[in-house]
Amino acid sequence: MTHADPARVERVRANLDAVRGRIEAACDKADRAPGEVSLVAVTKTYPASDVRILASLGVTEVGENRDQEAAPKAAETADLDLTWHFVGQLQTNKARSVASYADVVHSVDRARLARALGERAAAADRRLTCLVQINLDEDSRAGVIGPRGGVDPGDALGLAARIDEHEALTLGGVMAVAPRGGDPGDAFARLHTVASRIRDRYPRATVISAGMSGDLEAAIERGATHLRLGTALLGNREPIVG
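What counts, and at which threshold
- Residues numbered from 1 in each chain as written.
- Predicted model: local features only at pLDDT ≥ 70, side-chain atom pairs only at ≥ 80, totals over all residues.
- Heavy atoms only, no water.
- Salt bridge = Lys/Arg side-chain N within 4 Å of Asp/Glu carboxyl O.
- Buried < 20%, exposed > 50% of the residue type's maximum accessible area, 1.4 Å probe, protein only.
- Helix = DSSP H or I, 4+ residues; strand = E, 2+ residues; numbered from the N terminus.

J.: What exactly am I supposed to notice about the pattern of salt bridges here?
T.: It is possible for side chains of opposite charge to pair when their charged atoms get near one another. Inspection of the entire model under this criterion finds 13 salt bridges. When the shortest N-O distance is used, the salt bridge between Arg66 and Glu69 registers 3.6 Å. Since its relative accessible area comes to 40%, Arg66 is described here as partly exposed. The partner of Glu221 in a salt bridge is Arg222, and the shortest N-O contact between them spans 3.3 Å. Here Arg222 falls in the partly exposed class, since its relative accessible area comes to 24%. Each of Glu64, Arg66, Glu69 and Lys73 takes part in salt bridges that share partners, so that together they form one network.

Below is the structure:
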């Protein structure tokens, strides 16, 4: 392993300190403990060396949204004790690969995908935690997947049941992306309602994955347990992977 660029380490450290400050302030305002909120560093388009820097700074939950980037990066950092989160829309034909390295899949939005992940995880003798992705666009319709993924809130319990019934899957909770242009607070309030409905039936499904670099405060206010942060930690993206 090559040594990390000291300037890059300091830049990421400063960004991380700023992000943690934002999280603490938002938790204080919402009367929540910062320890209730987990930080998932979304490293898409950033090199594996950044994953190593994050790990050296105590960030060991790492998210990716494309399998063709995530799989080699997970392999390259296999010596680190990381928890890998797959957070992007997922094609069923990628289930075998994702099930081989991911620990948590945030973007389960259809029964066929849940079944494929369960079968592939079982074949690999692994266990996957899966989140039901909820479509928060106001014009969502039952039975229709949103443009960025996600089931209509009315379909969420049915999909949760499909995840829960598979022996190799653990139902973790819910995930959503705030709609473009709307009030993220209103959207995350709707997500919290769906999350509560699922948790009433499945008490261990406590994860609410919501909030990114631009709207983490609104997500924390509405009960998010996991934030998916990329730009705020690692800077504006450049299309390089190494």
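J.: Teacher, can you tell me more about unusual backbone geometry here?
T.: Residues apart from glycine generally show negative phi values, whereas peptide bonds are mostly found in trans. Its identity as a non-glycine residue notwithstanding, Asp31 has a phi of 55 degrees, on the positive side. Its place among the elements puts Asp31 in the loop between α1 (6-29) and β1 (38-42). Although it is not a glycine, Thr45 sits at a positive phi angle of roughly 70 degrees. Here Thr45 is to be found in the loop between β1 and α2 (48-56).

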